[in-house]
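Breakdown of the fold
Residues per chain, in single letters:
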Amino acid sequence: MYELFSKVSVWMIPAIIVFIPLYAALRRKQPVYETFVEGAKDGFGTAISIIPPLVGMMVAISMFRASGAMEMMLSAVRPAFDYLGIPSEVLPLGILRPLTGAGSLAFTADLIQTYGPDSMIGRIASTIQGSTDTTFYVLTVYFGAVAVRRTRYALKVGLFSDIVGFFAAIFICMYIFR
């Protein structure tokens, strides 16, 4: 059964990429190329409109890391993690992940390269990477693209879900792999 799913999954994305334009052209009689060009034109305008909030977010992340605020936060919670037996090496990932996808992925890759993919730290880091989201990036880009100024509860709910995903990833990995 595993082999069947492996073989099907290799061809699924290319099949979908071919199927959708063919279905649109043949069955729905849609001008596929013209529709694509029109969508690309709209996408370019969206990309231009999200650049200012994206640059602001990147500057804020750089300032946060360069100021030493992240290290100060880590040193405050490290004793509690050590007491619970949680590897403190994954703590920066819990802070970086809601802020930046590329930064957290680079940090995860560094942890995996240092400790190995089958180590507890590597497994926890990989699970955190898949269990949390880049909340600030999502709010900046998507809400900025549609000019939403009042995000209401989106930030609170997003950060709460990141915290739950972070701790769930740690405890599930510690339960399964110990």
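Residues numbered from 1 in each chain as written. Predicted model: local features only at pLDDT ≥ 70, side-chain atom pairs only at ≥ 80, totals over all residues. Heavy atoms only, no water.

Observations concerning the overall build of the chain
Counting secondary structure elements, the chain contains eight helices and zero strands. Counting helices and strands in the order they occur from the N terminus, the chain gives α-α-α-α-α-α-α-α. Computed over its C-alpha atoms, the radius of gyration of the chain comes to 21 Å, more than 25% above the 16 Å expected for a compact globule of 178 residues. C-alpha extents for the chain along the principal axes are approximately 65 × 50 × 30 Å. (Helix = DSSP H or I, 4+ residues; strand = E, 2+ residues; numbered from the N terminus. Rg over C-alpha atoms; globule rule 2.2 N^0.38 Å.)

Let's talk about the pattern of salt bridges
The tally for this structure, following the rule as stated, stands at two salt bridges. For the salt bridge of Arg123 with Asp118, the shortest nitrogen-to-oxygen distance reads 3.9 Å. (Salt bridge = Lys/Arg side-chain N within 4 Å of Asp/Glu carboxyl O.)

Re a nonpolar patch on the surface
Together, Met1, Leu4, Phe5, Val8, Met12, Ile16, Phe19, Ile20 and Tyr23 give the surface a local cluster of nonpolar side chains, amounting to about 940 Å² of exposed area. Along the chain, Met12 falls in helix 1 (residues 2-27). You can call Met12 partly exposed: its relative accessible area is 39%. (Patch = residues over 30% accessible without salt bridge, like charges linked within 9 Å, V, L, I, M, F, W, Y side chains within 5 Å. Areas by Shrake-Rupley, 256 points an atom, 1.4 Å probe, with all protein chains shown as cover. Buried < 20%, exposed > 50% of the residue type's maximum accessible area, 1.4 Å probe, protein only.)

Quick word on the UniProt feature "transmembrane region" (unreviewed entry) in the chain
Here, UniProt's "transmembrane region" (unreviewed entry) annotation points to residues 9-26, 46-64 and 159-177. Taken end to end, residues 46-64 is 100% helix and 0% strand, and its first and last C-alpha atoms sit 27 Å apart. When the span residues 159-177 is considered, its composition is 100% helix and 0% strand, and the gap between its end C-alpha atoms is 27 Å. (UniProt positions renumbered as here; feature names shortened; annotations may be inferred.)

Some thoughts on unusual backbone geometry
One non-glycine residue with positive phi stands out, namely Lys29, at about 60 degrees. One can find Lys29 in the loop between helix 1 and helix 2 (32-66). Its relative accessible area of 64% is what places Lys29 among the exposed residues.

As for the nonpolar core
Core analysis: the largest hydrophobic core is formed by 26 residues, its most contacted members being Phe81, Val90, Ile124, Ile128, Phe166, Ile170 and Met174. Phe81 has contacts with Ile86, Leu91, Phe166, Phe167 and Ile170, leaving out every residue within four places of it along the chain. (Core = buried A, V, L, I, M, F, W, Y, C linked by side-chain atoms within 4.5 Å. Contact = heavy atoms within 4.5 Å.)

Here's the deal with the layout of surface pockets
By volume, the largest pocket is sized at about 300 Å³. Around the largest pocket sit 17 residues that line it, and Gly94, Ile95, Ile163, Phe166 and Phe167 are the ones nearest its centre. Among the secondary structure elements, those contributing two or more residues to the lining of the largest pocket are helix 3 (69-84), helix 4 (91-96) and helix 8 (154-177). The leading source of residues in the lining of the largest pocket is helix 8, at five residues. Here the lining of the largest pocket is composed, by residue class, of 13 nonpolar, two polar and two charged. (1 Å grid on protein atoms, 1.4 Å probe; cavity = no way out; pocket = protein on both sides within 12 Å on 5 of 7 lines; lining within 4 Å. Points joined across faces, edges and corners; volume = space filled by probe spheres on them. Nonpolar A, V, L, I, M, F, W, Y, C, P; charged D, E, K, R; others polar.)

Considering helix 1
The axis of helix 1 is deflected most strongly, by about 35 degrees, at Met12, and proline Pro14 appears within four residues downstream. The element helix 1 is barely covered by neighbouring structure, given that only one of its 26 residues are classed as buried. Lys29 sits one or two residues past helix 1 and shows a positive phi near 60 degrees. (Bend = angle between axes of the 7 residues up to and from the residue.)

Digging into the side chain of Gln129
Its location among the elements puts Gln129 in helix 6 (residues 120-131). Of the residues examined, Gln129 reaches a relative accessible area of 14% and is grouped as buried. Among the polar contacts made by the side chain of Gln129, one reaches the side chain of Ser104 at a distance of 3.5 Å. In terms of polar contacts, Gln129 uses its side chain to reach the side chain of Thr108, at 3.0 Å. Filtering out sequence-adjacent residues up to four positions away, Gln129 remains in contact with Leu93, Arg97, Gly101, Ser104, Leu105 and Thr108. (Polar contact = N/O pair within 3.5 Å; in protein donor to acceptor, adjacent residues only side chain to side chain.)

Comments concerning the packing of helix 5 (residues 101-115) against helix 6
The N-to-C vectors of helix 5 and helix 6 enclose an angle of 160 degrees; their axes lie 9 Å apart at closest approach. Our classification of the angle between helix 5 and helix 6 gives roughly antiparallel. In this structure, helix 5 crosses over helix 6, and the sense of that crossing is left-handed. Facing Gly101, Ser104, Leu105, Thr108, Leu111, Ile112 and Tyr115 of helix 5, the residues of helix 6 in contact are Ile121, Gly122, Ala125, Ser126 and Gln129. Residues belonging to the contact of helix 5 with helix 6 are distributed by class as follows: six nonpolar, six polar and no charged. (Axes fitted to C-alpha atoms, helices over the stretch in contact; angles between N-to-C directions. Parallel < 35°, antiparallel > 145°, perpendicular 65-115°, else oblique. Left-handed = near helix turned anticlockwise from the far one by under 90°.)

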